[in-house]
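# Structure at a glance
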Amino acid sequence: MESNPWQFSAAERDAVYRAIRERRDMRHFSGEPLDPDILKRLLQAAHQAPSVGLMQPWRFIRITDSQLRQRIRGLVEQEREATADALNEREAEFLRLKVEGMDKCAEVLVVALMDQREKHIFGRRTLPEMDLASVSCAIQNLWLAARAEGVGVGWVSLFDPDALGALLQMPEGSKAIAVLCIGPVDAFYDRPMLEQEGWAEAQPLEALMAENCWPQQD
Ligand SMILES: Cc1cc2nc3c(=O)[nH]c(=O)nc-3n(C[C@H](O)[C@H](O)[C@H](O)COP(=O)(O)O)c2cc1C
């Protein structure tokens, strides 16, 4: 095969795949601060994400007020209890899981969809949720860059977006989709923590792939 001049070097490719493979959703942090230059790089990585029609629908709110962090944590706790209640027979098992790391993470970042998204039609006429997909791409960029920096990130989505919106004075039409816990960790989990805790088992790629039509059951 002809060499591809656009291909990264073998070491660079390995690094990209390693960040993807070893990225974990983290809920245990060391309590150390995050180097401000690293935070800047992570935010820049997020901001370089693709977005539908180049609408860049992401908004980032850095939470530096410790009282505000506690109030956000209160919202997460409320939703954790409501989720446990809705899980019926798995309630006790769920309550044993650690679902957020806001106690010790260095930084809390709220990521939100912007307001007035209805003006953006390109790529969203039939699929309006492509704005959410775009913000998710930004979060994934930040997550992978953080893994390369040796920094943990946990995506917390256990909260009432209206209550969080009111707390952060967000405009009508905007919507928070993530409370990101970011910071140094003592170690990264080897496997998803939900697997380690026996809550869920990840499926292999083959189980989720098909050719020409929807995957058939064996
Ligand atoms: C959109 C999204 C929302 C998530 N919300 C939460 C959450 O509220 N609490 C939590 O503990 N983990 C949350 N997670 C993390 C998942 O549980 C985790 O990604 C999954 O178990 C796979 O583990 P891994 O990210 O380490 O590969 C979320 C992940 C995604 C992608």
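Refer to the structure above for everything that follows.
For the structure given in this document, a descriptive report is provided here. Being a predicted model, the structure only gives us computed values, none of them experimental.

Helix and strand counts for the protein stand at 7 helices and 4 strands. Along the protein, helices and strands appear, N-terminal first, in the series α-α-β-α-α-β-α-β-α-β-α. Principal-axis analysis of the C-alpha atoms gives the protein an extent of 60 × 45 × 45 Å. Burial analysis of the protein (218 residues in total) assigns 38% to the buried set. Of the contacts formed within the protein by residues at least 6 apart in sequence, a portion of 79% connects residues at least 24 apart. Taking the average location of the 25 positive side-chain charges in the protein and that of its 35 negative ones, the two points are 4 Å from each other.

Once that is clear, we can look at the site of the ligand. Within the structure, the ligand sits among Arg-23, Arg-24, Asp-25, Arg-27, Val-99, Trp-155, Val-156, Ser-157, Leu-158, Pro-192 and Leu-194. A distance of 2.8 Å separates an oxygen atom of the ligand from a polar backbone atom of Asp-25. Protein contact buries 72% of the 610 Å² of open area that the ligand shows by itself.

Pairs can form between side chains of opposite charge once their charged atoms are near each other. Applying the stated rule across the entire model yields 13 salt bridges. The shortest N-O distance in the salt bridge between Glu-22 and Arg-18 comes to 3.1 Å. Residue Glu-22 and its partner Arg-18 are both found in helix H1 (residues 10-22); the two are separated by 4 residues, about one turn of the helix. Beyond isolated ion pairs, a larger network of salt bridges with shared partners links Arg-18, Glu-22 and Arg-147.

Definitions and cut-offs
- Residues numbered from 1 in each chain as written.
- Predicted model: local features only at pLDDT ≥ 70, side-chain atom pairs only at ≥ 80, totals over all residues.
- Heavy atoms only, no water.
- Helix = DSSP H or I, 4+ residues; strand = E, 2+ residues; numbered from the N terminus.
- Buried < 20%, exposed > 50% of the residue type's maximum accessible area, 1.4 Å probe, protein only.
- Contact = heavy atoms within 4.5 Å.
- Lys, Arg positive; Asp, Glu negative; His and termini not counted.
- Charge placed at Lys NZ, Arg CZ, Asp CG, Glu CD.
- Near = heavy atom within 4 Å.
- Polar contact = N/O pair within 3.5 Å; in protein donor to acceptor, adjacent residues only side chain to side chain.
- Areas by Shrake-Rupley, 256 points an atom, 1.4 Å probe, with all protein chains shown as cover.
- Salt bridge = Lys/Arg side-chain N within 4 Å of Asp/Glu carboxyl O.

Nothing here speaks to function; it is all geometry.
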